[in-house]
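Structural overview
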There are 2 protein chains.
Amino acid sequence: MSGYSLMIHGGAGVIRNPERFEPSLHRIVSAGADLLERGGTARDAVSLCVTLLEDDPLYNAGFGSVLNADGVAECDAAIMDGRDLSAGAVAGVGRIKNPILAARTVMENSAHVFLIGAGAEAFARRNNVEMVPESYFQTPERLADLARAKARNETALDHVASQGAPSAKKLGTVGAVARDRAGNLAAATSTGGMTNKLPGRVGDSPVIGAGVFADNASCAVSCTGVGEHFLRTSLARTVGFLIEDLGLETQAATDEAIRRLVEKVSGVGALIVVGRDGVCARAQSTPGLLTASARDGVINVKTA
Amino acid sequence: MSGYSLMIHGGAGVIRNPERFEPSLHRIVSAGADLLERGGTARDAVSLCVTLLEDDPLYNAGFGSVLNADGVAECDAAIMDGRDLSAGAVAGVGRIKNPILAARTVMENSAHVFLIGAGAEAFARRNNVEMVPESYFQTPERLADLARAKARNETALDHVASQGAPSAKKLGTVGAVARDRAGNLAAATSTGGMTNKLPGRVGDSPVIGAGVFADNASCAVSCTGVGEHFLRTSLARTVGFLIEDLGLETQAATDEAIRRLVEKVSGVGALIVVGRDGVCARAQSTPGLLTASARDGVINVKTA
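Conventions used here
Residues numbered from 1 in each chain as written. Chains lettered and ligands numbered in written order. Predicted model: local features only at pLDDT ≥ 70, side-chain atom pairs only at ≥ 80, totals over all residues. Heavy atoms only, no water. Helix = DSSP H or I, 4+ residues; strand = E, 2+ residues; numbered from the N terminus. Buried < 20%, exposed > 50% of the residue type's maximum accessible area, 1.4 Å probe, protein only. Lys, Arg positive; Asp, Glu negative; His and termini not counted. Charge placed at Lys NZ, Arg CZ, Asp CG, Glu CD. Axes fitted to C-alpha atoms, helices over the stretch in contact; angles between N-to-C directions. Parallel < 35°, antiparallel > 145°, perpendicular 65-115°, else oblique. Left-handed = near helix turned anticlockwise from the far one by under 90°. Contact = heavy atoms within 4.5 Å. Nonpolar A, V, L, I, M, F, W, Y, C, P; charged D, E, K, R; others polar. Pairing = 2+ DSSP bridges. Least-squares fit on C-alpha atoms with pLDDT ≥ 70 in both. Core = buried A, V, L, I, M, F, W, Y, C linked by side-chain atoms within 4.5 Å. Buried area = accessible area lost by both parts, 1.4 Å probe. Salt bridge = Lys/Arg side-chain N within 4 Å of Asp/Glu carboxyl O. Polar contact = N/O pair within 3.5 Å; in protein donor to acceptor, adjacent residues only side chain to side chain. Phe/Tyr/Trp six-rings, centres within 6.5 Å; stacked < 30°, edge-to-face > 60°.

1. Some words on the overall build of chain A
- Of the regular secondary structure elements, chain A holds nine helices and 14 strands.
- The proportion of buried residues among the 304 residues of chain A is 65%.
- Averaging the coordinates of the 30 positive side-chain charges in chain A and doing the same for the 33 negative ones gives two points 2 Å apart.

As structure tokens, then:
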């Protein structure tokens, strides 16, 4: 058995008072590291970390998900296992407590990869994934965020349209990537999208190859940022190609992926990567990026 | 102005009486070739061809879409323009006559890439895309297909589970790829999915990088087959990497993509490609593949 590597993120953008995320990031990466230290799988570690990030109202995923223009949450999540490229994803779900667990259930209990909307919710319910009423997500904070966005007539379009100029808003998607002591890789991503978004809008988070990717042959990747930019560039999959086919080192591949994101579509966002070599890497085209990593007992929290 | 290239497909699988598709494929590729001959754009050509394929009940897209387990159509479509990587996609829509035109409207009239379900339908309606009642898709043929599938207790799972063994069912997704006389590339894909599918199930067709991809720097790609396999391997994007980063020729890249599909996930399906060099290529891991190509006035229909 070799060592383990784990990295989590809590979103990218212009982040006010980033130090307030430190205790939470430290606590959550530690929980995942404990699991990996005891010989747990990368799949279980990313699933656990993203579940904890979803349950923390600091982040825009699960409980903390922002509300769309209709005042409801529409959550997206995906998970991928690098051992066999199995994957599961859900999009546009508003009644599932932990969307990442629904995505995992799609991966493990169906022959499908991607389920959306009411069909995804019905599948999750049948598979005993914990359901909640829509009101679970309609917290005073998120209702106030939405009211502010509507008052300013600010829509998700404003984020996307600001190509090249990093958005002033926090893009608080969450994610985790891991390499376990058996050398297997896994990745998971979850988001509530963007405040006041058009109902039905889906970004990169639930899209295998865009917002999430894992293959033992190369790396595990989770992205955050303006989803449209990551969709158009298949950004998570790009890192895999750069490592497996072009022979780049993990950090160099991560930097090159962001360079291409900016070059090809003036993309705004960030990504975290664990390579097959166990190296944890991150890169960003945003001012801020919240991450925490754990490698063989050493924890490193970064909030810029 | 140089020449043009156009290729369309009408699905892959075990195809009974494939010769019955020949007149339709010839008519539709000719319409697209006429447009390109007159200097029309690749974007317009793939949009036109996929619209015509959607309107033809021979294919599993648009009017001919198969019905899900609830007896309704849930269509998916996507389009991508290789000039600037702009893209649009819709998934899980059942009230839009031509899903590819809704996807195009997402690309052209929103800052988004991917809209799903009722939100996508509302967006299409607001943008004057032609709407139809659900009954438009509930033709006697498709209702009979569904009744047969239910009587045999045959679900979409059966297609996916038959990994490695080509499904006995036709996988009739449609698509088009083109290079116009100005050298710009575009790709489009549209599908009704699989008969008796789980409501909410989405395959690769509406996913940028999985079932559709276009970049002037490399190629335009449209895929057909078991969507789950193409999602897990980002297959359309793979061809672009093989051409742009590894320097493969168009046909060699197309063959290599299918080789990887089979190697990585025992994948079942096919793809069509137009390279930046104007070469039309196809490859498949299925017994049958319906295609037609047109290059500078020469039309070539293949139904195996």
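Still more ground to cover, so stick around.
2. Considerations on the packing of helix α8 (residues 235–244) of chain B against helix α9 (residues 250–265) of chain B
Residues and elements named next belong to chain B.
- Axis separation between α8 and α9 bottoms out at 9 Å; the angle between their running directions is 135°. As far as their axial angle goes, α9 and α8 are oblique. Crossing of α8 against α9: the hand is right-handed. On α9, the residues that touch Leu235, Thr238, Val239, Leu242 and Ile243 of α8 are Thr250, Ala253, Thr254, Glu256, Ala257, Arg260 and Leu261.
- Tallied by class, the residues present in the contact of α8 with α9 amount to seven nonpolar, three polar and two charged.

3. Some details on the sheet that holds strand β10 (residues 269–275) of chain B
All names here are of chain B.
- Sheet architecture is open: four strands sit in the order β8-β9-β10-β11, paired in antiparallel fashion. At either end of the open sheet lies a strand with only one pairing partner, and these are β8 (212–215) and β11 (280–284). The sheet shows a mean angle of 10° between the axes of neighbouring strands, direction not considered.
- Direction of pairing for β8 relative to strand β9 (residues 219–225): antiparallel, over a ladder of four bridges. Counted as the bridge partner of aspartate 215 is cysteine 219 from β9.
- Here α8 sits on the sheet in contact with β8, β9 and β10, set at roughly 145° to β9.

4. Observations regarding the relation of the copies chain B and chain A
- With an RMSD of 0.0 Å, chain B superimposes on chain A once it is rotated by 180° and translated 0.0 Å along the axis. In the structure described here, the two chain copies are related by an operation that fits a two-fold rotation axis.
- Of the interface residues in chain B, 100% have counterparts in chain A that sit at the interface too, so the contact is made through matching surfaces.

5. What to know about the nonpolar core
- If you look at the biggest cluster of nonpolar residues, it comprises 84 residues, and the most contacted ones within it are Phe114(A), Leu271(A), Phe114(B) and Leu271(B).
- In this structure, Phe114(A) is in contact with Ala89(A), Val90(A), Ala91(A), Val106(A), Pro206(A), Phe114(B), Gly200(B), Arg201(B), Val202(B), Val207(B) and Leu231(B), ignoring residues within four places of it in sequence.

6. Overview of the interface of chain B and chain A
- Taken together, the contacts link 44 residues of chain B with 44 residues of chain A.
- Here chain B and chain A share an interface that buries about 3,700 Å² over both sides, 65% of which is from carbon and sulfur atoms.
- Applying the counting criterion to the chain B and chain A interface returns six salt bridges.
- For Lys264(B), the salt bridge goes to Glu244(A), with nearest N and O atoms at 3.3 Å.

7. A few points about the environment of Arg282(B)
Residue and element names in this part refer to chain B.
- Relative to the assigned elements, arginine 282 resides in strand β11.
- Separated by 20 residues in the primary sequence, arginine 282 and lysine 302 place their C-alpha atoms 10 Å from one another.
- In this view, arginine 282 contacts Met7, Gln251, Thr254, Asp255, Leu271, Ile272, Leu289, Thr291, Lys302 and Ala304; residues no more than four positions away in its chain are not counted.
- Separated by 2.9 Å, the side chains of arginine 282 and glutamine 284 make a polar contact.
- A polar side-chain atom of arginine 282 sits 2.8 Å from a polar atom in the side chain of threonine 291.

8. Focus on unusual backbone geometry
Residues and elements named next belong to chain B.
- Although it is not a glycine, leucine 85 sits at a positive phi angle of roughly 60°.
- Looking at where leucine 85 falls in the secondary structure, it is placed in the loop between β2 (75–81) and β3 (86–93).
- Leucine 85 gets classed as buried once you look at its relative accessible area, which sits at 5%.
- Non-glycine residue serine 266 carries a positive phi angle of around 50°.
- Summarising the element assignment, serine 266 is placed in the loop between α9 and β10.

9. Points about the packing of aromatic side chains
Residues and elements named next belong to chain A.
- One pass over the structure, following the stated rule, counts eight aromatic pairs over all chains.
- Between phenylalanine 63 and tyrosine 136, the aromatic rings sit 5.0 Å apart at their centres with planes inclined by 50°, giving tilted as the arrangement. Of the two residues, phenylalanine 63 sits in the loop between α2 (42–55) and β2 (75–81) while tyrosine 136 sits in the loop between α4 (117–126) and α5 (140–151), which places them 73 residues apart along the sequence.
- Three or more aromatic residues joined by ring pairs make a cluster, and in this case those are Phe63, Tyr136 and Phe137.

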